[in-house]
Each structure stands twice: as structure tokens, then as C-alpha cells.
Amino acid sequence: MNLILLGAPGTGKGTLAAGIRNAIGIAHVSTGDMFRHNIKDGTPLGKEASGYIAHGELVPDSLTIRMLEERLQRDDCRKGFLLDGYPRTIAQADALAAFLTGVGQKIDAVLDIRLADATIQERLSGRRVCPSCGSSYNLAARPPKKPGICDTCGTALEHREDDRPETIAVRLMAYHEKTRPLEDYYAARGLLHAYDNEVGSEITLQSILKALGTLGAASRP
Ligand code: ADP
Ligand code: ZN
């Protein structure tokens, strides 16, 4: 099964992605994580992307599309993949559709995760992430057991540079302007499933897994 997780920054996509991956065993492909690894390793791609990311702007399509297509050709994507943070523009969505058609595949569903902007601001400014295993915490709602330390792997947690209030506002603007139109794009193709994540990620995950079970059953010959 090939899935897309759509949604503004801070809507809980990372947490939901981990839950979906654990439940159905498909590859989790996060373009944000891929960029951050490249920046940390000082690769040419990381150097090109880092300025955009630090300012909360989208990385140019050409760079992002190339990186994603390389990733989708890796072996672990053969059993299906979950795209987290991609596509973020209509051009990326068109490129993805063309790429998948070329390899005889398609997107099975787009999960659109929704949350009010005010809740997003609140969640992102309190967000702390584990640079090692990707676990995400919130100082108010979901603090780690030991302050500043990842429950899962013991690594020191980080406050992402782009989770500062000024940068969050830029990211939300980029989302509304460039990414939101993808809701209509995928709705028109009959692929959009929307979830209001104000109920919390655990409940949303259960709704998603239930819907995916139904989809999987429906697509079986
Ligand atoms: P969030 O969803 O919390 O904003 P991500 O980790 O998905 O964070 O992305 C972090 C940053 O990486 C984005 O603000 C953007 O600069 C860049 N980025 C990630 N995915 C894409 C993409 N598909 N297109 C362009 N830029 C991207
Ligand atoms: Zn960790």
C-alpha cells in the first residue's frame, strides 16, 4: 500500500507515521528527516537545503523531487511506502504521479491531518525531538520521563531551529499557500481521507488503521 500523509507542520504527522509504519510495515519516507540527515552529514544536498529550512521556506522542487525519486527506488519501498511531508506543492504531486505511473504503481490513499493554526503554534513551540530515533515530545502535553532525554533511546532531545515562533509563522504561510491546494487536488482524484487530530493522535491512528483495513480488503482481488 502506498500512502501520503498530508497536513500542516505540527499536526502530528510524524507520530501518526510511526504508528502506521509499526502497524502495517511499510517504509516511512520523511523528506524533512532526509534533509536534516543531509545537513548533519554536510552533504552538498544538505548545504543547498539548509538555508531554506532554517527560514521555514520550502526547499526548491527540483532538489526535493530528485531526492525523493532516488529514495523511492530503494528496496524497502517495494513493499509499500508512507510519504510524510511529500508532496508539498502541486509540481511535486505531478512529478510523483508521473514517476509512479512510470514504474507501474499508484497512490492508494492520502491521509489529510487537520488541526487549527492556534493549536499548531502551541504544539510546535513546545516540541522537542530526538535526533537519533525521531521520537517527538511536547513539553506540555507529552513530556519525556526524564527531562531532555528520549524515552526510547536515551539521546539528548533537541529544539529544532525552525520550531521558533517567527519561523513557525513562515512555515504555516508556506503550507496555506503552496501545500493546502493539494487537498483539492487529491479530493478530485477520489483519494483524500480527512482526519481532525484535535481528538489526539492515538484516537486518530485507530481511525486511520480502521480505514486502511477497509481499503486493503476492498483492493484485494
Ligand atoms: P514539518 O512538517 O514539521 O514542517 P518537516 O520535517 O516535514 O517538518 O520539514 C522540515 C522542513 O524541510 C520544511 O519546513 C521544508 O523547509 C523542508 N521540506 C520538507 N519536505 C519538503 C518538501 N516536500 N518540499 C519542500 N521542502 C520540504
Ligand atoms: Zn530517541
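Our subject is the structure that appears above.
Here, residues in each chain are numbered from 1, in the same order as that chain's written sequence. Here chains are named by letter from A upward and ligands by number from 1 upward, in the order in which they appear as written. The predicted origin of the model limits local features to residues at a pLDDT of at least 70 and limits the giving and counting of side-chain atom pairs to 80 or more, whereas totals for whole chains, interfaces and linings rest on all residues. Excluded from the side-chain calculation are hydrogens and water; included are all heavy atoms of the structure.

Let's shift gears to the overall build of the protein chain. Only DSSP runs of H or I with at least four residues qualify as helices, and only runs of E with at least two residues qualify as strands; both kinds are numbered from the N terminus onward. What the protein chain contains, in helices and strands, is nine helices and seven strands. Here the protein chain has a C-alpha radius of gyration of 17 Å; the compact-globule value for 221 residues is 17 Å, and the two agree. Dimensions along the principal axes, computed over C-alpha positions, put the protein chain at roughly 50 × 40 × 30 Å. Under the scheme applied here, a residue whose accessible area is under 20% of the maximum for its type counts as buried, over 50% as exposed, and between as partly exposed, the area being computed with a 1.4 Å probe on protein chains only. The burial tally for the protein chain puts 44% of its 221 residues in the buried class. In what follows, residue pairs with any heavy atoms lying within 4.5 Å of each other are defined as contacts. Relative to all contacts within the protein chain whose residues are 6 or more apart in sequence, the contacts with residues 24 or more apart total 70%. For every accessible area listed, the method is Shrake-Rupley and the probe measures 1.4 Å; residues are considered covered only by the protein chains on display. Surface summary for the protein chain: the accessible area is close to 11,300 Å², and the carbon and sulfur share equals 54%. Positive: Lys, Arg. Negative: Asp, Glu. His and the chain ends are not part of the count. Where a charge sits is defined by one atom per residue type, namely NZ (Lys), CZ (Arg), CG (Asp) or CD (Glu). For the protein chain, the centre of its 27 positive side-chain charges and the centre of its 27 negative side-chain charges are spaced 5 Å apart. With the radius of gyration taken over C-alpha atoms, the globule rule is written as 2.2 Å times the number of residues to the power 0.38.

Right, let's get into the pattern of salt bridges. Put simply, a salt bridge is a Lys or Arg side-chain nitrogen that is within 4 Å of an Asp or Glu carboxyl oxygen. Within this structure, the stated rule accounts for twelve salt bridges. The shortest N-O distance in the salt bridge between Arg-78 and Asp-75 comes to 2.9 Å. The class for Arg-78 is exposed, based on a relative accessible area of 66%. Overall, Asp-75 belongs to the exposed group, its relative accessible area being 55%. Of the charged contacts, one joins Arg-114 and Asp-112 as a salt bridge, the two residues approaching to 2.8 Å between their closest N and O atoms. Exposure remark for Arg-114: the relative accessible area of 35% places this residue in the partly exposed category. Assessed through its relative accessible area of 0%, Asp-112 is described here as buried. Via salt bridges that share partners, Arg-127, Arg-160, Asp-162, Asp-163 and Arg-171 belong to a single interconnected network.

Moving on, we get to empty space enclosed by the protein. Here a cavity denotes grid points, spaced 1 Å and computed from the protein atoms alone, that fit a 1.4 Å probe unable to get out, and a pocket denotes an open set having protein on both sides within 12 Å along at least 5 of 7 lines; residues with an atom within 4 Å of a point are the lining. Grid points are joined across faces, edges and corners, and a volume is the space filled by probe spheres set on the points. A complete count under the given rule lists one cavity of 30 Å³ or more for this structure. Computed from the structure, the largest cavity encloses a volume of approximately 50 Å³. Residue lining of the largest cavity: Leu-5, Leu-6, Gly-7, Lys-13, Gly-85, Tyr-86, Pro-87, Arg-88, Tyr-175 and Thr-179, and that is the complete set. Among the secondary structure elements, those contributing two or more residues to the lining of the largest cavity are β1 (2–7) and α7 (165–179). Tallying contributions element by element places β1 first for the lining of the largest cavity, with three residues. Within the lining of the largest cavity, the residues separate by chemical class into five nonpolar, three polar and two charged. Put simply, Ala, Val, Leu, Ile, Met, Phe, Trp, Tyr, Cys and Pro go in the nonpolar bin, Asp, Glu, Lys and Arg in the charged bin, and everything else, Gly too, in the polar bin.

Note on donors: an N, O or S atom is included if it sits within 2.8 Å of the metal, or within 3.2 Å for Na, K and Ca, and water is never included, so sites can look incomplete. Protein coordination of the zinc ion (ligand 2) is provided by Cys-130 (SG), Cys-133 (SG), Cys-150 (SG) and Cys-153 (SG), with donor distances spanning 2.3 Å. Between 85 and 135 degrees for all angles marks four donors as tetrahedral; over 155 degrees for opposite donors together with 65 to 115 for all other angles marks four donors as square planar and six as octahedral; every other arrangement is irregular. Here the zinc ion (ligand 2) binds four donor atoms, and the angle range of 101 to 119 degrees at the metal identifies the geometry as tetrahedral. Between consecutive donor residues of the zinc ion (ligand 2), the sequence gaps follow C-x2-C-x16-C-x2-C.

So, on to the nonpolar core. Only buried residues count toward a nonpolar core, which is a set of Ala, Val, Leu, Ile, Met, Phe, Trp, Tyr and Cys residues joined through side-chain atoms within 4.5 Å. The biggest cluster of nonpolar side chains holds 30 residues, and the ones touching the most others in it are Leu-72, Phe-81, Leu-83, Leu-96, Ile-107 and Tyr-186. The set of elements that each furnish at least two residues to this core consists of β1, β2 (27–30), α2 (31–40), α3 (44–55), α4 (61–72), β3 (81–84), α5 (90–102) and α8 (181–188). In contact with Leu-72, not counting residues within four places along its chain, are Cys-77, Phe-81, Leu-83, Leu-96 and Phe-99. Among the nonpolar cores identified, the runner-up in size contains 14 residues, and Ile-20, Leu-82, Ile-113 and Ile-208 belong to it.

The analysis is restricted to geometry; functional conclusions fall outside its scope.
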